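If you want the building blocks of each chain, they are given just below.
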Amino acid sequence: PAMLAQSAMALQALSEGRFRLGIGTSGPQVIEGWHGVRFDRPVQRTRETIDIVRLVTAGERLAYEGEVYQLPLPDSEGRAIRSMAPPVGVPIYVASLGPRNLRLTGELADGWIGTGFLPEAADVFLDEIAAGAEAAGRTLGDLELTTAATVEFTDDLEEAGRRHAGGYAFTIGAMGSAKTNFYNRSFTRQGFGEQVLEVERLWRSGDREAAAAAVPIEIGIGCNLLGTDDDVRGRLRVHRDAGMHSLRVNPQGDTHHERLDCLAHLLDLVAEVNDE
């Protein structure tokens, strides 16, 4: 966490205050398979990471006695060190899906990084964030709420929705172990429990095409900004009314210029919706 804080401070200085540090627990497949660290007590680890980053970025000498991290390491030659870089504030955003992690986000974070988010089911996420915020004497308004969405302008909403829904088969089938899959639990809480189980079964059986076809089109349409200008305006309104402050968008296009044109057109529609 201390090195993470150092990198964040450098990026904040280089960006002249525009940097946001996003952190998340990930899952056992990545943490244990890629990083070689046991996936134990992930929410507590996130809590302590936030504490340590804030100590370092505030210019404090790093002495921390946590349940996961003890700094300096006990019975070692380590010393409590202070960063040589000038103190600089770094907003911390947490990518969270499960109830405990969402409550931690509300308690400690400056923002929420949502994904696989259907604004019609916003309460699944925001009620937990609000509960964590209120327990800490804060409100939901103290956090910036963000979620991800792909943007594609098309006259064939059904085709695009079906295609983008199929892309979630990997998320549902592969981005978690058979025992631990936070994405599947999240989609289940949003009302797609039976469908998620079938997608996961098909994916694990090796039938990737059938798994993609089994993802409900409502996920493809609901999590993204697809269709005509009117369709996209409608989805922007739903996200706005659900309480989202920002959308992290992935504009579609075969070339760099097409993707920029897509983004520019979206910004025009966002301005229209904001002016209503």
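Residues numbered from 1 in each chain as written. Predicted model: local features only at pLDDT ≥ 70, side-chain atom pairs only at ≥ 80, totals over all residues. Heavy atoms only, no water.

Colleague: I keep staring at the overall build of the chain and nothing clicks. Help me out?
Modeller: Check the secondary structure of the chain and you find 11 helices and eight strands. Whereas a compact globule of 276 residues would reach a radius of gyration of roughly 19 Å, the chain reaches 21 Å, a difference of no more than 12%. The buried share of the chain, reckoned over its 276 residues, is 43%. Surface summary for the chain: the accessible area is close to 14500 Å², and the carbon and sulfur share equals 52%. Distance from the positive charge centre (27 side chains) to the negative charge centre (41 side chains) of the chain: 8 Å. (Helix = DSSP H or I, 4+ residues; strand = E, 2+ residues; numbered from the N terminus. Rg over C-alpha atoms; globule rule 2.2 N^0.38 Å. Buried < 20%, exposed > 50% of the residue type's maximum accessible area, 1.4 Å probe, protein only. Areas by Shrake-Rupley, 256 points an atom, 1.4 Å probe, with all protein chains shown as cover. Lys, Arg positive; Asp, Glu negative; His and termini not counted. Charge placed at Lys NZ, Arg CZ, Asp CG, Glu CD.)

Colleague: Whenever I open this one, the pattern of salt bridges confuses me. Can you help?
Modeller: Opposite charge on two side chains permits pairing when their charged atoms draw close. Here the structure, examined in full by the defined rule, presents 15 salt bridges. The salt bridge partner of E67 is R41, with a shortest N-O separation of 2.4 Å. With E67 in the loop between strand 2 (64-65) and strand 3 (70-71) and R41 in the loop between helix 2 (28-33) and helix 3 (42-57), this residue pair connects regions lying 26 residues apart in the sequence. Close ionic contact of R54 with D110 constitutes a salt bridge, the shortest N to O distance being 3.0 Å. Here the residue R54 occupies a position in helix 3, and D110 occupies one in the loop between helix 4 (99-108) and strand 5 (111-114), the gap between them amounting to 56 residues. Several salt bridges share partner residues, and in doing so they unite R237, R240, D241 and E276 into one network. (Salt bridge = Lys/Arg side-chain N within 4 Å of Asp/Glu carboxyl O.)

Colleague: Quick question: what am I supposed to make of the nonpolar core here?
Modeller: Across soluble globular proteins, you tend to see nonpolar side chains buried next to one another. Counting 32 residues, the largest nonpolar core has L21, W112, F125, L126, I129 and L145 as its most contacted members. Looking at this core, the elements with two or more residues in it are helix 1 (2-14), strand 1 (21-24), helix 3, strand 4 (92-95), helix 4 and helix 5 (123-135). No other element matches the five residues that helix 3 contributes to this core. Excluding anything up to four places from it in sequence, I129 contacts L102, G106, W112, L140, L143 and L145. Core analysis: the second largest hydrophobic core is formed by 15 residues, Y168, I172, V215 and C223 among them. (Core = buried A, V, L, I, M, F, W, Y, C linked by side-chain atoms within 4.5 Å. Contact = heavy atoms within 4.5 Å.)

Colleague: Mind showing me how you'd approach the side chain of E152 here?
Modeller: In this fold, E152 is placed in strand 6 (residues 144-153). E152 gets classed as buried once you look at its relative accessible area, which sits at 13%. Not counting chain neighbours up to four residues away, the residues in contact with E152 comprise A160, R163, H164, L225, L226, G227 and Q252.

Colleague: Would you mind showing me how to read the pairing of strand 5 here?
Modeller: Each regular strand carries side chains that alternate between the two faces of the sheet. Burial of strand 5 is two-sided: the residues G111 and I113 facing one way and the residues W112 and G114 facing the other way are all buried. Where strand 4 and strand 5 come together, three bridges link them in parallel fashion. Bridge pairing in strand 5 places Y93 opposite G111. The parallel pair strand 4 and strand 5 is bridged by helix 4, and the resulting crossover is right-handed. Of the pairings in the sheet, the one linking strand 5 to strand 6 comprises four bridges and is parallel in character. Counterpart to W112 in the pairing with strand 6 is L145. (Pairing = 2+ DSSP bridges. Right-handed = clockwise from strand over helix to strand, strands pointing away.)

Colleague: Hey, could you run me through the state of the cysteines in this one?
Modeller: Working definition of a disulfide: a covalent bond connecting the sulfur atoms of two cysteines. Considering all chains together, one arrives at zero disulfides under this definition. The thiol of C223 is unpaired, and the distance to the nearest cysteine sulfur, on C262, comes to 17 Å. Classification of C223 by relative accessible area gives buried; the value is 1%. Here C262 falls in the buried class, since its relative accessible area comes to 8%. (Disulfide = S-S within 2.5 Å.)

Colleague: What exactly am I supposed to notice about unusual backbone geometry here?
Modeller: Outside of glycine, negative phi angles account for most residues, and trans bonds account for most peptide bonds. Residues L71 and P72 are joined by a peptide bond in cis, for which omega reads -5°. By the secondary structure assignment, P72 is in the loop between strand 3 and strand 4. Of note, S26 is a non-glycine position whose phi angle comes to about 60°, a positive value. Relative to the helices and strands, S26 is located in the loop between strand 1 and helix 2. Here D75, not a glycine, exhibits a phi torsion of approximately 55°, which is positive. With respect to the helices, strands and loops of the structure, D75 is situated in the loop between strand 3 and strand 4.

Colleague: Just to check I follow, could you spell out the packing of aromatic side chains for this structure?
Modeller: Describing an aromatic ring pair means giving the distance of the ring centres and the angle of the ring planes. Counting across every chain of the model gives six aromatic pairs. Consider the rings of W112 and F117, whose centres lie 5.8 Å apart with planes at 75°: the pair is edge-to-face. W112 sits in the buried class, given a relative accessible area of 0%. By relative accessible area, which is 1% here, F117 ends up buried. With centroids separated by 5.4 Å and ring planes inclined at 35°, the aromatic side chains of W112 and F125 adopt a geometry described as tilted. Of this pair, W112 sits in strand 5 while F125 sits in helix 5, and the two are 13 residues apart along the sequence. Here the basic side chain of R208 rests over the ring of W203, its NZ or CZ set 4.2 Å away from the ring centre. (Phe/Tyr/Trp six-rings, centres within 6.5 Å; stacked < 30°, edge-to-face > 60°. Lys NZ or Arg CZ within 6 Å of the ring centre and 35° of its normal.)

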